[in-house]
Amino acid sequence: MKNEIIPISLGNVKVYLIKGEKWVLVDTGFAFSYKMMLKAMEKHQINPEDISLIIITHNHLDHVGGLVKLQKLTNAKVLIHRFDGEDLRNGISSVVKPVKILAKIIFKLFHGKHVTFEPHIEIDGDMDLSEFGLSGKIIHTPGHTPGSVSILLDNGDCIIGDLISGNKKKAKLFYVIDDINELKSSLKKLIQLGAKRFYTSHAKVCDVEAVEKLLD
């Protein structure tokens, strides 16, 4: 089963569409980026009703802001890890610790109250994605938030939300972290499971060698 990742840039955040036997959407951007998302689906000739699953990598406003409208449009099931699921239900961003003063300001501006949503699927660990037409798994990767997850495909492509930023040659820690030790353990876990390319939400794709250097 061959899968293809399509990055969709929605301003300062990326979401991802994964093509398999069915389409899977990873994250939904801000609420104001809904029209950009519609244009992206039209550009790639994707019928919204062909999206069977929306995976939320973590419960922050720039990742769930467009959730209500996109779920209504696609009628897809929405999946989140249970550690972030309760906050999504209550319409609050999952708490993290900004590591710099500028990060604290940004976080206050963009991570307050947001949409409330009752997820269809809450996972407690890892989950196989074959029933949704993908060759891969959802992996629980805490560190950015307690309920952060990554999508690891069998070919080594891995969508990681906000675990890190950077580019092909140099990976960097993101500016907000819940637990640095858990984050490093999550990255090591992904590498051990075969991750080769790390698709980030706010930067470029990082090669596994760049992530290994970061961990060293």
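Up top is the structure these notes are about.
So, here is what we can say about the structure in this document. (Residues numbered from 1 in each chain as written. Predicted model: local features only at pLDDT ≥ 70, side-chain atom pairs only at ≥ 80, totals over all residues. Heavy atoms only, no water.)

### A short note on the overall build of the protein chain
Thought 1: Secondary structure assignment for the protein chain yields seven helices and 16 strands.
Thought 2: Taken against the 2.2 N^0.38 rule, which gives 17 Å for 216 residues, the C-alpha radius of gyration of the protein chain at 16 Å falls within 12% of a compact globule.
Thought 3: In terms of overall dimensions, the protein chain has C-alpha extents of about 45 × 40 × 30 Å along its principal axes.
Thought 4: Out of the 216 residues in the protein chain, the part that is buried amounts to 56%.
Thought 5: Here the contacts in the protein chain between residues at least 6 apart in sequence split such that 65% fall between residues at least 24 apart.
Thought 6: If you sum the accessible surface of the protein chain, you get close to 10,200 Å²; carbon and sulfur atoms cover 52% of it.
Thought 7: With 29 positive and 26 negative side-chain charges, the protein chain shows a spacing of 7 Å between the two charge centroids. (Helix = DSSP H or I, 4+ residues; strand = E, 2+ residues; numbered from the N terminus. Rg over C-alpha atoms; globule rule 2.2 N^0.38 Å. Buried < 20%, exposed > 50% of the residue type's maximum accessible area, 1.4 Å probe, protein only. Contact = heavy atoms within 4.5 Å. Areas by Shrake-Rupley, 256 points an atom, 1.4 Å probe, with all protein chains shown as cover. Lys, Arg positive; Asp, Glu negative; His and termini not counted. Charge placed at Lys NZ, Arg CZ, Asp CG, Glu CD.)

### Some remarks on the sheet that holds strand E15 (residues 197–199)
Thought 1: Spatial ordering of the open sheet is given by E8-E9-E10-E11-E15-E16, a layout of six strands whose pairing is mixed. What marks the edges here is a single partner per strand, and that holds for strand E8 (127–128) and strand E16 (206–207). (Pairing = 2+ DSSP bridges.)

### Here's the deal with the pattern of salt bridges
Thought 1: Inspection of every chain in the model, using the stated rule, returns seven salt bridges.
Thought 2: In this structure, the salt-bridge partner of Glu 86 is Arg 89, at a minimum N-O distance of 2.9 Å. Taken together, the residues Glu 86 and Arg 89, both in helix H4 (residues 82–90) and three residues apart, mark about one turn of the helix.
Thought 3: A relative accessible area of 43% means that Glu 86 is categorised as partly exposed.
Thought 4: Several salt bridges share partner residues, and in doing so they unite Glu 86, Arg 89, Glu 118 and Glu 122 into one network. (Salt bridge = Lys/Arg side-chain N within 4 Å of Asp/Glu carboxyl O.)

### Regarding the layout of surface pockets
Where empty space is left in the structure can be found by rolling a water-sized probe over the atoms.
Thought 1: Quantified by volume, the largest pocket comes out at close to 150 Å³.
Thought 2: Lining the largest pocket we find Asp 126, Gly 136, Lys 137, Ile 139, Leu 152, Leu 153, Asp 154, Gly 156, Leu 193 and Gly 194.
Thought 3: Taken together, the elements giving at least two residues each to the lining of the largest pocket come down to strand E9 (136–140) and strand E10 (149–153).
Thought 4: At three residues, E9 tops the list of elements feeding residues into the lining of the largest pocket.
Thought 5: Residues that form the lining of the largest pocket fall into these classes: four nonpolar, three polar and three charged. (1 Å grid on protein atoms, 1.4 Å probe; cavity = no way out; pocket = protein on both sides within 12 Å on 5 of 7 lines; lining within 4 Å. Points joined across faces, edges and corners; volume = space filled by probe spheres on them. Nonpolar A, V, L, I, M, F, W, Y, C, P; charged D, E, K, R; others polar.)

### What about the nonpolar core?
Thought 1: One finds Ile 8, Leu 17, Leu 25, Met 37 and Ile 51 to be the most contacted residues of the largest nonpolar core, which totals 24 residues.
Thought 2: If you list the elements that add at least two residues to this core, you get strand E1 (4–10), strand E2 (13–19), strand E3 (23–26), helix H1 (34–43), strand E4 (51–55), helix H3 (67–74) and strand E5 (77–81).
Thought 3: Looking at this core, the element that brings in the most residues is H1, giving four residues.
Thought 4: Not counting chain neighbours up to four residues away, the residues in contact with Met 37 comprise Ile 8, Leu 10, Val 15, Leu 17, Leu 25 and Leu 70.
Thought 5: Among the nonpolar cores identified, the runner-up in size contains 20 residues, and Val 24, Ile 55, Leu 79 and Ile 159 belong to it. (Core = buried A, V, L, I, M, F, W, Y, C linked by side-chain atoms within 4.5 Å.)

### Focus: the sheet that holds E2
Thought 1: Pairing in this open sheet of six strands is mixed, and the strands run E1-E2-E3-E4-E5-E7 from one edge to the other. What marks the edges here is a single partner per strand, and that holds for E1 and strand E7 (121–123). The sheet shows a mean angle of 20° between the axes of neighbouring strands, direction not considered.
Thought 2: Of the pairings in the sheet, the one linking E4 to E5 comprises three bridges and is parallel in character. Pairing of Leu 53 across the sheet is with Lys 77, part of E5.
Thought 3: Packing of H3 onto the sheet brings it into contact with E3, E4 and E5, and relative to E4 it is tilted by some 160°. (Axes fitted to C-alpha atoms, helices over the stretch in contact; angles between N-to-C directions.)

### Concerning the environment of Asp 50
Thought 1: One can find Asp 50 in the loop between H1 and E4.
Thought 2: When its relative accessible area of 43% is taken as the criterion, Asp 50 is described as partly exposed.
Thought 3: In this structure, the C-alpha to C-alpha distance between Asp 50 and Ser 93, residues 43 residues apart in sequence, is 29 Å.
Thought 4: Sequence-distant contacts of Asp 50, that is, excluding residues within four places in its chain, are made with Lys 22 and Trp 23.

Function cannot be read off these values alone, since they describe shape.
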